[in-house]
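Notes for the structure review
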Amino acid sequence: MAPCVYPESKSFRGKGYGPIPTKWKGDCGNDTFCNNKLIGAKYYNNGYQAKYGKMDPSMNSARDHNGHGSHTLSIAGGNFVPYVSYNTVWMGTAKGGSPQARVAAYKVCWPPSFLGVECDSADVVKGFETAVNDGVDVISASLGSHPTEYMNDALAIASFHAVKKGVTVVFSGGNKGPSSGTVTNVAPWVITVGASTIDREFQSFLFLANGLNLKGLSMPKPLPHPGFYTLINAANAKAETATEMDAMHCLQGTLDPEKVQGKILVCLRGVNDNVAKGTEAVLAGAAGMVLCNDKAHGFDITADFHVLPAIHITFPDGHRLYDYLNSTNLAKGYIFHPVPAIHTVSAPVVANFSSRGPNSITPEILKPDIVAPGVNIIAAYSEDPEPVLPYNILSGTSVACPHVAGVVGLLKSVHPDWSPSAIKSAIMTTASTKENQYGYPMSDEIGGWAEPFTRGAGEINPNRAMNPGLVYNLTVNDYLDFLCTRGYDKSIIQKFSDQPYECPEKNNILDFNYPSITVHQLNGTVTVTRRLTNVGPPGSYTVDVWSPMGIIVDVEPKTLAFGKKGEEHKFELTMKAQDGFRITDYVYGKLTWSNSNHYVKSPIVVSVLL
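Here is a short report on the structure shown in this document. Given the structure is predicted, the values throughout are model-derived calculations rather than measurements.

About the cut-offs
Residues numbered from 1 in each chain as written. Predicted model: local features only at pLDDT ≥ 70, side-chain atom pairs only at ≥ 80, totals over all residues. Heavy atoms only, no water. Pairing = 2+ DSSP bridges. Helix = DSSP H or I, 4+ residues; strand = E, 2+ residues; numbered from the N terminus. Axes fitted to C-alpha atoms, helices over the stretch in contact; angles between N-to-C directions. Phe/Tyr/Trp six-rings, centres within 6.5 Å; stacked < 30°, edge-to-face > 60°. Buried < 20%, exposed > 50% of the residue type's maximum accessible area, 1.4 Å probe, protein only. Contact = heavy atoms within 4.5 Å. Polar contact = N/O pair within 3.5 Å; in protein donor to acceptor, adjacent residues only side chain to side chain. Parallel < 35°, antiparallel > 145°, perpendicular 65-115°, else oblique. Nonpolar A, V, L, I, M, F, W, Y, C, P; charged D, E, K, R; others polar. Disulfide = S-S within 2.5 Å.

What follows is about the sheet that holds strand β20 (residues 517-522). The strands that make up a sheet pair up through hydrogen bonds in the backbone, lying either parallel or antiparallel. With mixed pairing, the 5 strands of this open sheet are ordered in space as β20-β27-β26-β22-β24. Single-partner strands in this sheet number two, and they are β20 and β24 (559-562). The sheet shows a mean angle of 20° between the axes of neighbouring strands, taken without regard to direction.

Below is the structure:
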């Protein structure tokens, strides 16, 4: 499932596919562009129109006009498409995570209303309900809003009913990072995804007249002619009524065209959108733009499709450039056309924009669950309207989310009997927490350690997820018991259960069988219970614990022996703070159950009641 689709894209062509599976109950509604690959396309806007007024009837279609839906859908399940290029830059072969999967689109979001709203809850719920009834196996939902109590969260309720029917739901975690507590879609029955970088770059170089050569990322048109161009700091090109700081950020209406005309403009990242800065530069007559990171964004650079030749450079290189600009009145430079390069940088690194934990609704549930590629991702786009972009590069947790959905599709095809919780556990417990060049721990955008609130369980590892050994399973009743810990009464619980449900007398959220372990405000000694189910061959697993700093952790038993597939065993993890050790913030550790072939890993997160 995805929001909308550009059906003519090569990523969704039906050639070579056999008949549509008989279990499929969906169709294309009023649209006529479905095929044996794209087997469903529907739209829902009654809720939106009831609140914000009637829409142009020509919008009544699941067709994608802005590219976002096509991009995310092709990442999850797009065909193999070779020889993808843009502006003579060869990008390679595009394909989705489950390239042989059948796909369907359910359009529930529309152009922003006068209040800025794009997706109405009633339409989103209807889209989920229809997708489940049509027979989807996985829902990829790159949307979200500010976290709220589950009983008031339409996405949480709709996704619960999908999971109850065996459908795995994957959500984007939001783009409000790096601030803490910003992650959204935090319900424990969904997979919440953050964004990370990959080791492919579209490298460009800014060559300066003083001999410096600064590497950056770029994906625009080349400069109109070879040779040096005059460089100008946007602060020195401010309009008469603008402040230097606003002009430095290239905000709307802050630049003087007479000062900018024909030059390469140097803008500072922050305040407004990266691409919006390029638009302001073009309006002021710039020949090109250099986008310099501020300190907060550090090394986090992207290859955006700007409307003019441009290059994005890191904070240290931006510092070098500003030093050069301040040293001379005749600063000159040239931006080289980008070329693709792989294995040149350490990855994955958690993206600056990726929303962080802790979970603002239930601190005992670690979110995000996982991170996946979400920076400079090539995928299908909309060719309607202009400009025509069959394939485009986008960044965000919106594009990280369908990477995980694609892997879920693969897992579902290999293990059709696995529950959504088993699939989620397999993905989380096999995730990697190291970068790919030297095996160092994953880092964030400024080079610091990426702790669990930043990267969840780690970077998704599809091959290992196929064979996790053990999983932490959860049933619908387990999720209902979780809701009971929120203090919901019977009428609220029934919104999720669809029938009367009695909450258990003894019910501790610490015993909720989640693949990660979070103890919020530890006071004295607590015992956490978990259950592991064998999904591999018979064997014994031994525990290893990396205890959080200042926390004493004991696990019993220390060995679990499984005689057959499906066998379940329980273990207990007892924690207490060390005497005399003052803990003022969250501390982190790791629990691993291993045999000779499998490593079943869970992050441990603890805060202490002060």
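What follows covers the packing of aromatic side chains. Within this structure, the stated rule accounts for 23 aromatic pairs. Here the aromatic rings of Trp189 and Phe482 are separated by 6.3 Å at their centres, their planes lie at 80°, and the arrangement is edge-to-face. Note that Trp189 is positioned in the loop between β6 (168-172) and β7 (191-196) and Phe482 in helix α13 (residues 476-484), a separation of 293 residues in sequence. Owing to a relative accessible area of 3%, Trp189 belongs among the buried residues under this scheme. Taking the relative accessible area as the measure of exposure, Phe482 reaches 1% and is therefore buried.

Here the focus is helix α4 (residues 154-164). Among the 11 residues in α4, 9 count as buried, and that is most of the element. If you check which residues of α4 are buried, you get Ala154, Leu155, Ala156, Ile157, Ala158, Ser159, Phe160, Ala162 and Val163. Buried residues along α4 sit against α3 (121-134), β5 (138-141), β6, α10 (420-429), α13 and α14 (490-497). Where α4 starts, the residue carrying a side-chain oxygen 3.0 Å from the main-chain nitrogen of Leu155 turns out to be Asp153. Of the residues trailing α4, Gly166 is marked for its positive phi of about 90°.

Their axes nearest at 8 Å, the elements α4 and α14 cross at an angle of 55°. In terms of orientation, α4 and α14 fall into the oblique class. Judged by residue contacts, Ala156, Ile157, Phe160, His161 and Lys164 of α4 engage Lys495, Phe496 and Ser497 from α14. Grouping the amino acids of the contact of α4 with α14 by side-chain chemistry returns 4 nonpolar, 2 polar and 2 charged.

What follows is about the environment of Asp199. Its place among the elements puts Asp199 in the loop between β7 and β8 (200-208). Asp199 gets classed as buried once you look at its relative accessible area, which sits at 17%. A C-alpha to C-alpha distance of 5.2 Å links Asp199 and His343, two positions 144 residues apart in sequence. Within the local environment of Asp199, its side chain forms a polar contact with the side chain of Asn436, the two groups lying 2.9 Å apart.

Of all 10 residues in strand β27 (residues 599-608), 8 are buried, a share of seventy percent or more. Where β20 lies against β27, 4 bridges are found, and the strand directions are parallel. Counterpart to Thr518 in the pairing with β27 is Val605. Examined bridge by bridge, strand β26 (residues 587-594) and β27 share 8 bridges and lie antiparallel to one another. If you follow Trp593 over to β27, its bridge partner there is Val600. In textbook terms, the turn of a hairpin is the stretch between consecutive antiparallel strands, and for β26 and β27 this stretch comprises 4 residues.

Overall, the coordinates contain 4 disulfides when judged by the stated rule. At a sulfur-sulfur separation of 1.9 Å, the disulfide partner of Cys250 is Cys267. On the sign convention where negative is left-handed, the bridge of Cys250 and Cys267, at about -85° about the S-S bond, is left-handed. Pair noted here: Cys250 is in the loop between α5 (244-248) and α6 (257-260) and Cys267 is in strand β11 (residues 264-268), with a separation of 17 residues, a long-range link. Cys267 shares its class with Cys250; the two are buried. The disulfide that involves Cys484 links it to Cys503, with 1.9 Å between the sulfurs. Because the sign of the S-S torsion sets the handedness, a value of about -80° for the bond joining Cys484 and Cys503 places this disulfide among the left-handed ones. Taken together, the residues span a long stretch of sequence, with Cys484 in helix α13 and Cys503 in the loop between α14 and β20 at a distance of 19 residues. With a relative accessible area of 11%, Cys484 lands in the buried category. When the bonded cysteines of the chain are counted from the start of the sequence, the pairing works out to 1-2, 3-4, 5-6, 7-8.

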